[in-house]
Amino acid sequence: MKDRSKKKGKQMLTVQQFRASFGDEQQCGEQLSRQRWPCGFACPRCGGPSRGYMAVRQVHECAACGYQCSVTAGTIFHKTRTPLASWFWAIYRMSQDKKGISAMQLAKEVGVSYPTAWLMLHKIRKAMSDRDQGYRLSGLVEVDEGYVGGEEHGEGRRGRGKPGVRSKSVVAVAVERRGAGKPGQKPVPGFAALEVIPDAAAATVEKFLTGKVRAGSHILSDGWRGYRRLKQKGFEHTATAISTQDEPAHSLFPWVHITLSNLKRFLLGTHHKVESKHLPHYVAEFNYRLNRRSMEADLMTRLLRACIGAQTITYKQLIAMPDLA
Ligand SMILES: [Zn+2]
């Protein structure tokens, strides 16, 4: 009990605290080392201790055998020429700000070129996406899809199979509905899963759900034909047919619709226009932050850990991604 109340009192990392902990290359490298070797550095060749962290080369030198071990190998910072302090600032901004940060803004804040900032943010998005792989929703789960991007106005919610929506991408959304059915308690949203899917066909939607929702969970949908075989796929399923166009869907499935409209606001507000081939990464970023909205005090450390645990992605690999439109 005591721990919980203490934790609740912890605030987000302030800019002053950030500067005090991650202000220069030495500090950032040492932070990285502490995360990678929580029990202290041990040489991978001989197990020896470090002679000290050398910020210029981003290595620990073994005091016993002289081996120089990179602190960035196997992380998203691998082979970076950008100072670690700039990376840590990007991670700070990506983790703390609900709206994320645009490449244009990051370029200005840390003094790098736009392409460098763009690549940094995509590497961080890759870490966010890797971190959330394998997480499954459970319990009562609202499901729907929506159209994102493109030139048309309006929600495009009922656009399934409609001609003229080619420029939009389909995003499938599932959100846990918690606390429903308990007397005197209003349902609240739990974890969410979002994914860009190639179309809204039954097989595609089923693949999304089996990947993101635990078998046996109870799915709530609008009864569209894409959801008809969910019982055969191991889910409980309640379909609520929607009689008129838009309004009832919002009241029946409030969380998926709020989530979709927040996603659209994030894409437009922070990034203005997102290429459809990169949309999955932005959706992963949005999803990562959404599921950690109540973890304010630890956001920076959590994202840093995700970045340390993720293999990097190169500019070439990013550019080679197939276009989903
Ligand atoms: Zn050694």
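Residues numbered from 1 in each chain as written. Predicted model: local features only at pLDDT ≥ 70, side-chain atom pairs only at ≥ 80, totals over all residues.

### What about the overall build of the protein?
Check the secondary structure of the protein and you find 12 helices and 8 strands. A buried classification covers 33% of the 325 residues belonging to the protein. In the protein, once contacts between residues fewer than 6 apart in sequence are set aside, the share between residues at least 24 apart is 60%. (Helix = DSSP H or I, 4+ residues; strand = E, 2+ residues; numbered from the N terminus. Buried ≥ 20, exposed ≤ 12 C-beta atoms within 10 Å, placed from the backbone. Contact = placed C-beta atoms within 7 Å.)

### Some points on the packing of helix α5 (residues 103-110) against helix α6 (residues 114-132)
Two elements in contact, α5 and α6, have axes separated by 8 Å at closest approach and are oriented at 115°. By the angle between their axes, α5 is roughly perpendicular relative to α6. Our pair here, α5 against α6, has a crossing hand that is right-handed. Residues Ala 103, Met 104, Leu 106 and Ala 107 of α5 lie in contact with α6, whose contacting residues are Tyr 114, Ala 117, Trp 118, Met 120 and Leu 121. (Axes fitted to C-alpha atoms, helices over the stretch in contact; angles between N-to-C directions. Parallel < 35°, antiparallel > 145°, perpendicular 65-115°, else oblique. Left-handed = near helix turned anticlockwise from the far one by under 90°.)

### Let's talk about the pairing of strand β5 (residues 169-178)
Along β5, 9 of the 10 residues are buried, which leaves the element largely enclosed by surrounding structure. Sheet analysis places β5 next to strand β6 (residues 188-197), joined by 8 bridges and oriented antiparallel. From the neighbouring strand, Ala 174 faces β6, where its bridge partner is Ala 193. (Pairing = 2+ DSSP bridges.)

### Quick word on helix α3 (residues 25-36)
Its 12 residues place the ends of α3 16 Å apart at the C-alpha level, agreeing with the 16 Å of an ideal helix rising 1.5 Å per residue. On its buried face, α3 is in contact with α2 (15-22), β1 (50-54), α4 (84-96) and α11 (299-309). (Expected span 1.5 Å × (residues − 1).)

### Quick look at the nonpolar core
Nonpolar side chains in soluble globular proteins generally cluster together in the buried interior. Counting residues in hydrophobic clusters, the biggest one holds 71 residues, and the most contacted among them are Ile 91, Ile 124, Val 171 and Ala 174. Broken down by element, this core gets its largest block of residues, 8 residues, from α4. Split by domain, the residues of this core number at least three in each of domain 1 (2-36 + 72-132) and domain 2 (140-290). If sequence neighbours within four positions are ignored, Ile 124 has contacts with Ile 76, Ala 90, Ile 91, Met 94 and Cys 307. (Core = buried A, V, L, I, M, F, W, Y, C linked by C-beta atoms within 7 Å. Domains from an automatic or database assignment.)

### Details of the sheet that holds strand β8 (residues 236-239)
Taken together, 5 strands build an open sheet; the order of strands is β6-β5-β4-β7-β8 and the sheet is mixed. If you trace the sheet from one side to the other, it starts and ends with β6 and β8, each paired once. Direction aside, neighbouring strands of the sheet carry axes that sit 25° apart on average. Sheet topology note: the strand β7 (residues 218-221)/β8 ladder contains 4 bridges and is parallel. Residue pairing across strands places Ser 221 opposite Ala 239, the latter belonging to β8. Strand contacts of helix α9 (residues 254-271): β4 (140-148), β5 and β6, with the helix running at about 130° to β5, the strand carrying the most contacts. Contacts from helix α10 (residues 279-290) reach β5 and β6 within the one sheet, and its direction differs from that of β6 by about 170°.

### Some details on the packing of α6 against α10
Running from amino to carboxyl end, α6 crosses α10 at an angle of 60°, the nearest separation of the two axes being 8 Å. The angle between α6 and α10 places the two elements in the oblique class. In this structure, α6 crosses over α10, and the sense of that crossing is left-handed. Taking contact as the criterion, the partners of His 122, Arg 125, Met 128, Ser 129, Arg 131 and Asp 132 in α6 are, on α10, His 281, Ala 284, Glu 285, Asn 287 and Tyr 288.

### Here's the deal with the confidence of the model for the protein
Taken as a whole, the protein shows an average pLDDT of 86; of its residues, 87% reach a score of 70 or greater. Between residues 1-8, whose pLDDT stays under 50, and residues either more than four places distant or in other chains, the model counts 1 contact. Taken together, the stretch residues 152-159 has pLDDT below 50 and engages in 14 contacts with residues farther than four places along the chain or on a different chain. (pLDDT = per-residue confidence, 0-100.)

### Some points on the environment of Arg 36
Here Arg 36 is to be found in helix α3. Sequence-wise, Arg 36 and Ile 308 are 272 residues apart; in three dimensions their C-alpha atoms are separated by 7.5 Å. Those residues in contact with Arg 36 that lie beyond four places of it in its chain are Val 71 and Ile 308.

### What about unusual backbone geometry?
Not every positive phi belongs to a glycine, and Gln 58 is a case in point at roughly 55°. With respect to the element layout, Gln 58 can be found in the loop between β1 and β2 (59-62). Residue Lys 79 is not a glycine yet carries a positive backbone phi of 60°. Inspection of the secondary structure puts Lys 79 in the loop between β3 (68-70) and α4. Judged by the 10 C-beta atoms lying within 10 Å of it, Lys 79 is exposed.

### Re the environment of Trp 224
In this fold, Trp 224 is placed in the loop between β7 and β8. Between the alpha carbons of Trp 224 and Thr 240 there is a distance of 8.9 Å; along the sequence they are 16 residues apart.

### Describing α6
With 19 residues, α6 should cover 27 Å at 1.5 Å per step; its first-to-last C-alpha distance of 27 Å lies within 8% of that length. Within α6 the residues assigned to the buried category are Ala 117, Leu 119, Met 120, Leu 121, His 122, Lys 123, Ile 124, Arg 125, Lys 126, Ala 127, Met 128 and Arg 131. The inward-facing, buried residues of α6 contact α4, α5, α10, α11 and α12 (315-319). Count one or two residues on from α6 and you reach Gly 134, which has phi positive near 90°.

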